[in-house]
Amino acid sequence: MNDANLISPVPLYINGEFVNSSSNQWIEVTNPATNAVIANVPCTTESEIESAISSAGATFEQWKEVPVPDRARLMLSYQQLLKDHHDELAQLLSSETGKNFADAKGDVWRGIEVVEQAANIASLMMGETVENVASDIDSYSLIQPLGVCCGITPFNFPAMIPLWMFPMAIAAGNTFVLKPSEQVPLTAMRLAELFEQAGAPQGVLQIVHGSKEQVDYLLAHPDIRTISFVGSVPVAKHIYQTGTQHLKRVQAFAGAKNHMVVMPDAKMEQVVNHLVGSSVGAAGQRCMAISVAVLVGNASEIIPELKAAMQKVKPGVSDDSNAAYGPLISPAAKQRVLNLIEQGKQQGATCEVDGSHCQVDGYPDGNWLGPTLFSGVSTDMAIYQQEIFGPVLVCIGVETLDEAITLINNNPYGNGTSIFTACGAAARKFQHRIQVGQVGVNVPIPVPLPFFSFTGWRGSFYGDLHAYGKQAVRFYTETKTVTARWFDEDIPDGPNMTIHLR
Ligand code: NAD
């Protein structure tokens, strides 16, 4: 297909140039509030991917020699530019995701926070030293970059998730090839333009587009050292298995089913507000969305209040300040959620609020779904077992905190969870025993700030070192340990035939 016939062909970013792909396969990018096509994104050809990787490889040889404070200063300039363009980025992000403007700003902001952390790279790359490990011998470690790193990102946080990856990797001295979601490639391109404007040398960041075929090419490429992935469970498993099979370091963040435990002593008004916001915010399309309310004992009495609160919440277009959230990303995503809602009804759950037939005035073609609430849910139902990724909250009743903890620990996912209670002992027991990587105490969506790391567990993560924070620096670097002796006088010293230092 000739790109002259395409609406806004999205360029590639190779060796510091924004270039149009010569691909004959293109994917439509749509505005989910209207389903109008707003751009076309190429399935990058193999030779274009080769150019991107080879340019990243050549640039690495120079970039790794750039002094750490200079790499940190690039991140300081980038952070300022991202702040200067915060509203503009949020608007662009809204146009391809449908997120409401305030939430889109939040998406950009949580990425800016990671860039701030990347500006601290010097202290994050400090090694360790021990003097006199043997007579006149010192040992110290050096933290060194790896080479070309690669990131593959999902549709639901087009700014935050690419910014989890490339600023930390590049600040650490690597170069980076990003493959953003083909559903939302526009924000990533703007992030790259601003990075260049901040002073990023050509070649440190490359962007290629596409889907499975392009990702598989990247996974098998011998010159790529690390893969950072965020997306759905089946793809995360494929990425981890294929990437490690090709002897790469891989971190693969996957899907989730996040439970909020409500103890009978919790402040119920706050519980209701937080349950609504954390389950239907961003149309439930957050990997840390609360999708299961575990109501302990008479906490189940909140269901009528929860129902009333859910009924008041309406989706809408991004510039409607009364809209609580936007559309689902695509008609297919909406249909998947509709099927699950239908299955929930058929399997015997009580549908307290049904958002299946939601319309938004003036936008008849948008992928709208209203808030949906189920009670009487059991663990054998599809709406409990599957990640719905829509504005749907399911409620399960249990008798005790122990039962709630067992329920959550038996669920295969382990991304986020929270407990709402007035009792410190209950919160302490919960945080200690729960097999989930990110725990909120009276905080519904406990996404850690970037001086910590994003630490999903079990079925929500494949790998060992997590995103951002100290763990990201470990992921994007190698440790070299030096053992050194300087002779200042002739010490009688025959051959040492042992492994001991002397
Ligand atoms: P997805 O898995 O469909 O796509 C993610 C990326 O993988 C995209 O870049 C896509 O092009 C690529 N891809 C898709 N199919 C592929 C295949 N078969 N082989 C190779 N690559 C492929 O995910 P999505 O729908 O964009 O995002 C939503 C999912 O991401 C949800 O499951 C959500 O929970 C998860 N997510 C997880 C986290 C986390 O931190 N754990 C954060 C955000 C989103």
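Residues numbered from 1 in each chain as written. Predicted model: local features only at pLDDT ≥ 70, side-chain atom pairs only at ≥ 80, totals over all residues. Heavy atoms only, no water.

Asks: Would you mind going over the site of the ligand with me for this structure?
Replies: As a structural note, the neighbourhood of the ligand is formed by 28 residues, with Lys179, Glu182, Ser232, Ala254 and Glu387 the closest of them. Here Ala254 contributes a backbone N or O atom positioned 2.7 Å from a nitrogen atom of the ligand. Here an oxygen atom of the ligand and a side-chain polar atom of Glu387 are 2.6 Å apart. Notes on the ligand: free accessible area 850 Å², of which the protein chains cover 88%. (Near = heavy atom within 4 Å. Polar contact = N/O pair within 3.5 Å; in protein donor to acceptor, adjacent residues only side chain to side chain. Areas by Shrake-Rupley, 256 points an atom, 1.4 Å probe, with all protein chains shown as cover.)

Asks: Even after reading the chapter, I still don't get a nonpolar patch on the surface, so can you show me in this structure?
Replies: A contiguous nonpolar surface patch, about 240 Å² in accessible area, is contributed by Val130, Val133 and Leu501. With respect to the helices and strands, the residue Val130 is situated in strand S5 (residues 129–134). Note on Val130: relative accessible area 49%, which makes it partly exposed. (Patch = residues over 30% accessible without salt bridge, like charges linked within 9 Å, V, L, I, M, F, W, Y side chains within 5 Å. Salt bridge = Lys/Arg side-chain N within 4 Å of Asp/Glu carboxyl O. Helix = DSSP H or I, 4+ residues; strand = E, 2+ residues; numbered from the N terminus. Buried < 20%, exposed > 50% of the residue type's maximum accessible area, 1.4 Å probe, protein only.)

Asks: How do you make sense of the nonpolar core when you look at a structure like this?
Replies: One recurring pattern in soluble globular proteins: nonpolar side chains tend to sit buried together. Tyr78, Trp164, Phe176, Phe195 and Leu205 are the most contacted members of the largest nonpolar core, which totals 67 residues. It is helix H6 (residues 160–171) that provides the largest number of residues to this core, a total of 10 residues. In this structure, Leu205 is in contact with Tyr13, Phe166, Ile170, Phe176, Leu178, Ala192 and Phe195, ignoring residues within four places of it in sequence. Ranked by size, the runner-up nonpolar core spans 63 residues in total, among them Val272, Val294, Ile405 and Val436. (Core = buried A, V, L, I, M, F, W, Y, C linked by side-chain atoms within 4.5 Å. Contact = heavy atoms within 4.5 Å.)

Asks: What exactly am I supposed to notice about the sheet that holds strand S13 (residues 290–296) here?
Replies: Adjacent strands of a sheet pair through backbone hydrogen bonds, lying either parallel or antiparallel. The strand order S14-S15-S16-S13-S12-S18-S19 describes an open sheet built from 7 strands, whose pairing is mixed. Two strands in the sheet have a free side with no partner beyond their single neighbour: strand S14 (350–353) and strand S19 (438–441). With strand direction ignored, the average angle separating the axes of adjacent strands in the sheet is 20 degrees. Taken together, the 4 bridges between strand S12 (residues 258–262) and strand S18 (residues 416–420) define a ladder with parallel strand orientation. Along S18, the bridge assignment pairs His259 with Thr417. Helix H14 (residues 401–410) rests against S12, S13, strand S16 (392–398) and S18 of the sheet, and its axis sits at about 180 degrees to S12. (Pairing = 2+ DSSP bridges. Axes fitted to C-alpha atoms, helices over the stretch in contact; angles between N-to-C directions.)

Asks: Looking at this structure, I do not really get the environment of Ser141. What am I missing?
Replies: Topologically, Ser141 is positioned in strand S6 (residues 137–145). Not counting the four nearest positions on each side in its chain, Ser141 is found in contact with Gly127, Glu128, Thr479, Lys480 and Thr481.

Asks: Got a minute to help me understand unusual backbone geometry in this structure?
Replies: Of note in the backbone geometry, Asn442 takes a positive phi value of approximately 55 degrees without being a glycine. Structurally, the position occupied by Asn442 is in the loop between S19 and strand S20 (457–458). For Tyr468, which is not glycine, the phi dihedral falls at a positive 45 degrees. Along the chain, Tyr468 turns up in the loop between strand S21 (461–462) and helix H16 (469–475).

Asks: Help me understand the sheet that holds S5 in this model?
Replies: On the basis of which strands lie adjacent, the open sheet formed by 3 strands has the order S5-S6-S22 and antiparallel pairing. Looking at which strands have only one partner, the edges of the open sheet turn out to be S5 and strand S22 (477–485). When strand polarity is set aside, the average angle formed by the axes of neighbouring strands in this sheet is 30 degrees. Here S5 runs beside S6; their pairing, made up of 3 bridges, is antiparallel. Note on S6: the bridge partner recorded for Ala134 is Ile137.

Asks: I would appreciate a short explanation of the UniProt feature "domain: Aldehyde dehydrogenase" (unreviewed entry) in the protein in the present structure.
Replies: What UniProt calls "domain: Aldehyde dehydrogenase" (unreviewed entry) maps, in this numbering, to residues 18–482. As annotated, residues 18–482 comprises 40% helix and 22% strand, and the C-alpha atoms at either end are separated by 42 Å. (UniProt positions renumbered as here; feature names shortened; annotations may be inferred.)

Asks: Explain the pairing of strand S7 (residues 148–152) to me, please; I cannot follow it from the model alone.
Replies: Along any regular strand, the residues point their side chains to alternate faces of the sheet. Of all the 5 residues making up S7, 5 are buried; the element is thus mostly covered by neighbouring parts of the structure. Here S7 shows two buried faces, one formed by Val148, Cys150 and Ile152 and the other by Cys149 and Gly151. Pairing geometry for S7 and strand S8 (residues 175–179), over 5 bridges, is parallel. Bridge assignment links Gly151 to a residue of S8, and that residue is Leu178. On the question of chirality, the crossover connecting S7 to the parallel S8 by way of H6 is right-handed. Here S7 pairs with strand S10 (residues 224–230) via 5 bridges, running parallel. If you follow Val148 over to S10, its bridge partner there is Ile224. (Right-handed = clockwise from strand over helix to strand, strands pointing away.)

Asks: Is there a simple way to think about helix H9 (residues 233–245) in this case?
Replies: The α-helix winds at 3.6 residues per turn, so residues separated by three or four positions along the chain end up facing the same way. Taking 1.5 Å per residue as the helical rise, H9 with its 13 residues ought to reach 18 Å, and the 18 Å between its terminal C-alpha atoms agrees with that figure. Regarding H9, the residues found buried are Val233, Ala236, Ile239, Thr242 and Gly243. Where H9 is buried, its residues contact S7, helix H8 (212–220), S10, strand S11 (249–253), strand S17 (413–414) and S21. One or two steps after H9, the chain reaches Leu247, where phi turns positive at roughly 60 degrees. (Expected span 1.5 Å × (residues − 1).)

Asks: Help me understand the side chain of Gln117, please; the structure alone is not making it clear to me.
Replies: Relative to the elements of secondary structure, Gln117 occurs in helix H4 (residues 101–118). Those residues in contact with Gln117, other than ones at most four positions away along the chain, are Leu124, Met168, Pro450, Phe451 and Gly469.

Asks: When you look at the packing of helix H1 (residues 46–63) against H8 in this model, what are you seeing that I'm missing?
Replies: For any two helices packed against each other, the geometry comes down to the angle between their axes and how far apart the axes lie. Here H1 crosses H8 at 40 degrees, and the two axes come no closer than 11 Å. When the axes of H1 and H8 are compared, the pair comes out oblique. Viewed along their axes, H1 and H8 form a crossing whose handedness is right-handed. Where H1 approaches H8, its residues Glu46, Ile49, Glu50 and Ile53 are matched on the opposing element by Gln214, Tyr217 and Leu218. The class makeup of the residues in the contact of H1 with H8 is 4 nonpolar, 1 polar and 2 charged. (Parallel < 35°, antiparallel > 145°, perpendicular 65-115°, else oblique. Left-handed = near helix turned anticlockwise from the far one by under 90°. Nonpolar A, V, L, I, M, F, W, Y, C, P; charged D, E, K, R; others polar.)

Asks: Looking at this structure, how should I read the packing of aromatic side chains?
Replies: The description of an aromatic ring pair uses the distance of the two centres, along with the angle that the planes make with each other. Under the counting rule described, the total for this entry stands at 15 aromatic pairs. Judged by centre distance (6.2 Å) and plane angle (40 degrees), the rings of Tyr78 and Phe166 are tilted. A residue pair is termed long-range when its members are at least 10 positions apart, and Tyr78 in helix H2 (residues 68–84) and Phe166 in helix H6 qualify at 88 residues. A single burial state applies to Tyr78 and to Phe166, both of which are buried. On the numbers, 4.7 Å between centres and 45 degrees between planes, the contact of Phe253 with Phe461 is tilted. Separated by 208 residues along the polypeptide, Phe253 in strand S11 and Phe461 in strand S21 bring together distant segments of the chain. (Phe/Tyr/Trp six-rings, centres within 6.5 Å; stacked < 30°, edge-to-face > 60°.)

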